[in-house]
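# Chains, contacts and geometry: an overview
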Amino acid sequence: MTARAPDSLECLSHADLIGVVRELIGEVGRLRAENEKLGFALKELKAEHQAVKDELARLKNLPPRPPQKPSGMDKATDRGGSGSGDKSPAGEKSSRRRGSQLDKLTIGATVVVTAKAPAGSRRKGYEEIVVQDLSLSPQVTLYRRERWETPEGERIIAELDPGIVGGYGPNLHRFVLALHFSGQVTCERIVALLNGMGVRISKRQVVRLLTVKLETFRAEDAAVLKTGLGGAYVTVDDTGARHAGKSGYTTQIGSNTFTVFRTGPSKSREAFLSRLCGSTTFYVINDAALGYMKDRQLPQAVIDKFADHKERIFSCAEAWERHLLALGLTALKVTPDPVLIASEGALWGAIRHQGLLRDTVIVSDDAGQFRVGVHALCWVHAERLVHKLVPANDKQRNAIEIAKRMIWWFYRSLKEYKRAPSPQQAQVLRCRFDRIFKRGATGYVMLDRLLTRLFRHKDALLRVLQRPEIPLNTNASEMTSALSSPNGKSPAGPSATKAATPVTSCWGSPRLA
């Protein structure tokens, strides 16, 4: 019997073993980056394939795809909810009180309506009713601008309000922008509507209102976005959109105080970071940028090139591309792509350079382009993955039902924690999370893989235990995106902020909420 041949690794020295391990780590990083790129490409191909199928079905006059109904976890786990997805029996009144909408109104005037009562009648007070009405009427103002002539012969004319455009005031300007971009009303119909109200305006003048003096609105929008990105959290989501006959993507960024839309041809991480930078995109190499490059497995030799170069701030994309060319990175055909990772890192450095997202949590649906900074995941999207599983037998159906009930129970506990957070309860919830998502075999392989996948995102799903002020879902983002256009899809142009300010997308169209 011959002796077993020694393993080749046993013959290597300690220094050689370290070199082998380093090579393996680099290879794992390369494979991870390549896998992420392939996964993103596959997701785009699936979306494009589904769009082609939908268009083909439309041309053939086939019925559309049936909608995927939500599971109802968020409503069912509210206070007063039944805890299950069943509807209340017919005729049974809901236990939740809607509350009076009149408390949100401000009474502008009080009118006493008298009644003719016969002699001998006694006054019994008043019966009150609040009436809401809307008055749309033109207001015509004559501006008499003083004119002066200086001793040198120079003429001076008093300045008008900067909001006046071609003889029309700022309120009418906002109204036209809202009708055209938010309401998607054509110029012809806007002219007919305003003429019916008594405003004398032509189609050419409406087009002028839609195209001139938008710098003020763009500046206001940029200020709202910058202020919002300094808050406690932002929820983000994106959806497909078409603009000028081309397919694109609209990204919603918002919180409980603002909402901004940005539209562009791509929804990559580089595009998302560029939209976070604001109206002026620039690139900055600082500690945040270098740290980002290191986290994305960019080779240290490439990082040192950026760190050793004296130029750190680049005002435009052209200057940044010239810098990459000077460093010799554009000619490299390796994985991960050094140009892509470096551009993302420089954009992240620009965001931190402006003081944005320092302690702001980004709440998303686990899309890859949103995984930057301090990240949290939407629980509704996480539970939806379980809800969309299709069981093949009663055993699998029972396993899914048990998993859903445990997730709903845990989600309700998170809601209660947000109302009264405490370190002790946070530790209890962490242990409960492990018991739910770290279970053994459930009898359904697909469910086991899904629970394992969700367990890997434990930190992002339980971010609310550290930051109770952040939301547990991105429902507000999805609802805002759906309501921003009449057909239920996000608009091709950008939408606006809650300050009713028109904003601009990277394609340059104004938008008004």
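Residues numbered from 1 in each chain as written. Predicted model: local features only at pLDDT ≥ 70, side-chain atom pairs only at ≥ 80, totals over all residues. Heavy atoms only, no water.

### Some thoughts on the overall build of the protein
Along its length, the protein carries 17 helices and 11 strands. Burial statistics for the protein: of 513 residues in total, 36% are counted as buried. Here the contacts in the protein between residues at least 6 apart in sequence split such that 64% fall between residues at least 24 apart. (Helix = DSSP H or I, 4+ residues; strand = E, 2+ residues; numbered from the N terminus. Buried < 20%, exposed > 50% of the residue type's maximum accessible area, 1.4 Å probe, protein only. Contact = heavy atoms within 4.5 Å.)

### Digging into a nonpolar patch on the surface
Together, L102, L105, I107 and V130 make up a nonpolar patch on the protein surface, roughly 320 Å² of accessible area in all. Checked against the element boundaries, I107 lands in the loop between α2 (73-76) and β1 (147-149). (Patch = residues over 30% accessible without salt bridge, like charges linked within 9 Å, V, L, I, M, F, W, Y side chains within 5 Å. Areas by Shrake-Rupley, 256 points an atom, 1.4 Å probe, with all protein chains shown as cover. Salt bridge = Lys/Arg side-chain N within 4 Å of Asp/Glu carboxyl O.)

### Here's the deal with the confidence of the model for the protein
Low-pLDDT stretches of the model should not have their predicted coordinates read in fine detail. For the protein, the average pLDDT comes to 82, and 86% of its residues sit at 70 or higher. Contacts from residues 1-6, a stretch scored under 50 in pLDDT, to residues over four places away or in other chains number zero contacts. (pLDDT = per-residue confidence, 0-100.)

### Section: the packing of helix α7 (residues 269-277) against helix α11 (residues 338-353)
One can describe the packing of α7 onto α11 by two numbers: an axis separation of 9 Å at closest approach and a directional angle of 20 degrees. It follows from the interaxial angle that α7 and α11 lie roughly parallel. You can see that α7 and α11 cross each other, and the crossing is left-handed. Across the interface between the two elements, R269, E270, L273, S274, L276 and C277 from α7 touch L340, S343, E344, L347, W348, A350 and I351 from α11. Considered class by class, the residues forming the contact of α7 with α11 number eight nonpolar, two polar and three charged. (Axes fitted to C-alpha atoms, helices over the stretch in contact; angles between N-to-C directions. Parallel < 35°, antiparallel > 145°, perpendicular 65-115°, else oblique. Left-handed = near helix turned anticlockwise from the far one by under 90°. Nonpolar A, V, L, I, M, F, W, Y, C, P; charged D, E, K, R; others polar.)

### Notes on the nonpolar core
In this structure, I285, F306 and W320 are the most contacted members of the largest nonpolar core, which totals 43 residues. Breaking this core down by element, the ones donating at least two residues are α6 (215-228), β3 (233-243), α7, β6 (283-284), α8 (287-295), α9 (300-308), α10 (317-326) and α11. For this core, the leading source of residues is α11, giving seven residues. Every residue in contact with F306, bar those within four places of it in the chain, is listed here: I285, L290, M293, R312, W320, H323, L324, L327, L329 and A342. In terms of nonpolar packing, the next biggest core, distinct from the first, is built from 39 residues, M73, A76, Y411 and Y444 among them. (Core = buried A, V, L, I, M, F, W, Y, C linked by side-chain atoms within 4.5 Å.)

### Section: the pairing of strand β5 (residues 259-264)
Taken across its six residues, β5 has six buried, putting it largely inside the fold. Here β5 shows no split at all, with T259, F261 and T263 on one side and V260, R262 and G264 on the other all buried. Relative to β5, strand β4 (residues 246-254) runs antiparallel, the two sharing six bridges. When the bridges of β5 are listed, Y249 appears paired with G264. In sequence, β4 turns back onto β5 through a hairpin of four residues. (Pairing = 2+ DSSP bridges.)

### Quick word on the pattern of salt bridges
Enumeration over the complete set of coordinates arrives at 13 salt bridges. D74 serves as the salt-bridge partner of K415, at 3.2 Å between the closest nitrogen and oxygen. Of the two residues, K415 sits in helix α13 (residues 394-419) while D74 sits in helix α2, which places them 341 residues apart along the sequence. Residue K415 is classed as buried on the basis of its relative accessible area, which comes to 10%. When its relative accessible area of 22% is taken as the criterion, D74 is described as partly exposed. In this structure, the salt-bridge partner of R405 is E401, at a minimum N-O distance of 3.4 Å. Here E401 and R405 lie together in helix α13, a separation of four residues that amounts to about one turn. When its relative accessible area of 60% is taken as the criterion, R405 is described as exposed. Through salt bridges with shared partners, one network takes in E27, R30 and E34.

### Concerning unusual backbone geometry
In the Ramachandran plot, Q184 falls in the positive-phi region, its phi being about 55 degrees despite a non-glycine side chain. Along the chain, the position of Q184 falls in the loop between α3 (170-182) and α4 (187-197). With relative accessibility at 43%, the residue Q184 sits in the partly exposed group. One non-glycine residue, D366, lies in positive phi territory at about 80 degrees.

### Looking at α3
Here α3 spans 17 Å end to end across 13 residues, near enough to the 18 Å set by a 1.5 Å rise per residue. Within α3, burial applies to L172, H173, V176, L177, L179 and F181. Following α3 by one or two positions, Q184 adopts a phi angle in the positive range, close to 55 degrees. (Expected span 1.5 Å × (residues − 1).)

### Some words on α6
For α6, built from 14 residues, the straight-helix expectation of 20 Å at 1.5 Å per residue is met to within 8% by its first-to-last C-alpha distance of 20 Å. Buried within α6 are the following residues: F217, D221, A222, V224, L225 and G228. One side of α6 carries all its buried residues, which in axial view fall inside an arc of 160 degrees. Turned more than 90 degrees away from the buried face of α6 sit E215, T216 and T227, all of them exposed. (Arc of directions from axis to C-beta.)

### Re the sheet that holds β3
Read from one edge to the other, the open sheet built from five strands follows the order β5-β4-β3-β8-β9, with strand pairing classed as mixed. Pairing within the sheet leaves two strands with one partner each, and these edge strands are β5 and β9 (374-377). Each neighbouring strand pair of the sheet contributes to a mean axis angle of 30 degrees, computed without reference to strand direction. As judged from the four bridges shared by strand β8 (residues 361-364) and β9, these two strands associate in the parallel manner. Each bridged residue has a counterpart across the sheet, and for I362 the counterpart in β9 is H375.

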